[in-house]
Amino acid sequence: MTETYDIVVIGLGAMGSAALYQLAKRGVNVLGIDRFAPPHTQGSTHGETRITRRGIGEGEAYVPLVMRSHEIWRELEAETGETLLSEVGSIIISYHDDAVQRPGRTGFIRRSIQAARRYGIEHEILDAAEIRHRFPNFTPQDDEIGYYEPGGGYVSPERCVATQLSIAQKLGAEVRFGRVVTSIDAAASGVTVVLDDGSMVCAGQTVVSAGPWAPNLLGAPFDKVLSPTRQVMHWFALAEDAPATWNHSPVFMWPHGETQDGFFYGFPSQDGLSVKTADEFYGAASDPNAIDRNVPESDSQRMHAAHLAGRLAGVTPRVTKTATCIYTVTPDSAFLIDRHPEHANILVASPCSGHGFKHSAAIGESLAQWATDGQPRIDLSAFALSRFL
């Protein structure tokens, strides 16, 4: 017998877990499906920490999403006692006139300041001497400045996903882990979701938030717009005499140099012994089922030499841990959140491109509003598919 639901959510990572929770909160008869058992390490939603900030240099259209996400995480913390959001501050260090073409981050510090001023977000502009004084773990050049936002920080992706899935199930949502969706057959009357065990599920609508697996699942035109790329995170050991500020440092983003590869980011030490950092790779698309999870020592040494040396005090070249994840990137590095152009009962959410997690709680709420009310309360028009067609 084919089971029937109001809505099926495919993919239960950052966006899917948030959508499932918000739909269940609205009393929707909803099923969530994931090929793994989230939170897991195979997609885009893992690695202990994800940066959040309100002055979004990638574009002001994101600001309402991150502001609402902070509210939702605080609501979830109050309900569960979990620690999801740590507002330790965030800093962007850059030349004030940096205009190097970087995917989604050209003029990053200038645009972050503009967004903060427009939305009244608390912030400070620091010169290099002040950065070095307040945060001795950073060693900027004399002509670099900092955009410091005390309300920035990080969220804990695994805890966020697990918390939202747990509450969703308590509210009546069903989940199926370890099941792969092989096809979605849509008609005006509804959608039929076919699984790898041969079973089928019918629903009025489906939300596809399948991350790097979305292009193959959805086909045209999404397979031409969404490009999964392998990314690497590195944890480097701290020296014995490393500045104590690493234990309560703000998160940081640091554009530098004259090429698009001159960008890295990182976090305060979680264990007092190491620091997590990463850069970004925008190259050929990767098969999410065949991602190379091995990170050679040479890549960590490249990372340290290209970015950390001379900028992060007390961070040694000795790598203690690495991890891989996947960005699903659009041509302009902005999100894609829209209805399918041929099937209005398929909502597609691919807000990845490396800066999505901070917005995920509000995107899940927006998807739930869109599916049940006909439109989200936050304007998502900047993320429409039509800009690529």
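This is a predicted model, so every value here is computed, not measured. (Residues numbered from 1 in each chain as written. Predicted model: local features only at pLDDT ≥ 70, side-chain atom pairs only at ≥ 80, totals over all residues. Heavy atoms only, no water.)

1. What to know about the sheet that holds strand 4 (residues 85–86)
Pairing within the open sheet is antiparallel, and its three strands lie in the order 3-8-4. The sheet is open, and its two edges are formed by strand 3 (50–52) and strand 4, each paired on a single side. (Pairing = 2+ DSSP bridges. Helix = DSSP H or I, 4+ residues; strand = E, 2+ residues; numbered from the N terminus.)

2. Some words on the sheet that holds strand 16 (residues 274–279)
Judged by pairing direction, the sheet is mixed, and its eight strands sit side by side in the order 6-7-5-14-15-16-13-17 without closing on themselves. At either end of the open sheet lies a strand with only one pairing partner, and these are strand 6 (124–127) and strand 17 (315–329). If you compare each strand with its neighbour and ignore which way they point, the axes differ by 20 degrees on average. Of the pairings in the sheet, the one linking strand 15 (residues 263–266) to strand 16 comprises three bridges and is antiparallel in character. Its bridge partner lying in strand 16, phenylalanine 264 is registered against aspartate 279. In the packing of helix 3 (residues 108–119) onto the sheet, contacts are made with strand 5 (90–95), strand 6, strand 7 (144–149), strand 14 (251–255) and strand 15, and the angle to strand 7 comes to roughly 35 degrees. (Axes fitted to C-alpha atoms, helices over the stretch in contact; angles between N-to-C directions. Contact = heavy atoms within 4.5 Å.)

3. Observations concerning empty space enclosed by the protein
On inspection of all chains with the given rule, the structure shows one cavity of 30 Å³ or more. Roughly 70 Å³ of internal volume is contained in the largest cavity. Arg102, Pro103, Arg105, Gln260, Asp261, Phe263, Glu280 and Tyr282 are the residues that line the largest cavity. Across the lining of the largest cavity, the residue classes break down as three nonpolar, one polar and four charged. (1 Å grid on protein atoms, 1.4 Å probe; cavity = no way out; pocket = protein on both sides within 12 Å on 5 of 7 lines; lining within 4 Å. Points joined across faces, edges and corners; volume = space filled by probe spheres on them. Nonpolar A, V, L, I, M, F, W, Y, C, P; charged D, E, K, R; others polar.)

4. A short note on the pattern of salt bridges
Side chains that differ in sign of charge can pair as their charged atoms come close. As enumerated under the stated definition, the model contains 22 salt bridges in all. The residue arginine 74 makes a salt bridge to glutamate 87 at a minimum N-O spacing of 3.4 Å. With a gap of 13 residues between them, arginine 74 in helix 2 (residues 63–80) and glutamate 87 in the loop between strand 4 and strand 5 connect regions that are remote in the sequence. With relative accessibility at 35%, the residue arginine 74 sits in the partly exposed group. Two residues, glutamate 130 and arginine 134, come together in a salt bridge whose shortest N-O distance is 3.7 Å. Taken together, the residues span about one helical turn, with glutamate 130 and arginine 134 both in helix 4 (residues 128–134) at a distance of four residues. Judged by its relative accessible area of 29%, glutamate 130 falls in the partly exposed class. With relative accessibility at 27%, the residue arginine 134 sits in the partly exposed group. Salt bridges sharing partners connect three or more residues here, namely Arg53, Glu58, Arg105 and Glu280. (Salt bridge = Lys/Arg side-chain N within 4 Å of Asp/Glu carboxyl O. Buried < 20%, exposed > 50% of the residue type's maximum accessible area, 1.4 Å probe, protein only.)

5. Structural notes on the packing of aromatic side chains
Counting across every chain of the model gives 16 aromatic pairs. Measuring from ring centre to ring centre gives 6.3 Å for tyrosine 282 and tyrosine 327, while their planes differ by 50 degrees; the resulting arrangement is tilted. Of this pair, tyrosine 282 sits in the loop between strand 16 and helix 8 (297–308) while tyrosine 327 sits in strand 17, and the two are 45 residues apart along the sequence. Note on tyrosine 282: relative accessible area 22%, which makes it partly exposed. Overall, the relative accessible area of 6% leaves tyrosine 327 in the buried class. Taking the ring centre of phenylalanine 108 as reference, the NZ or CZ of arginine 105 above it sits at 5.7 Å. The ring of tryptophan 235 has lysine 321 lying over it, and the distance from NZ or CZ to the ring centre is 4.4 Å. (Phe/Tyr/Trp six-rings, centres within 6.5 Å; stacked < 30°, edge-to-face > 60°. Lys NZ or Arg CZ within 6 Å of the ring centre and 35° of its normal.)

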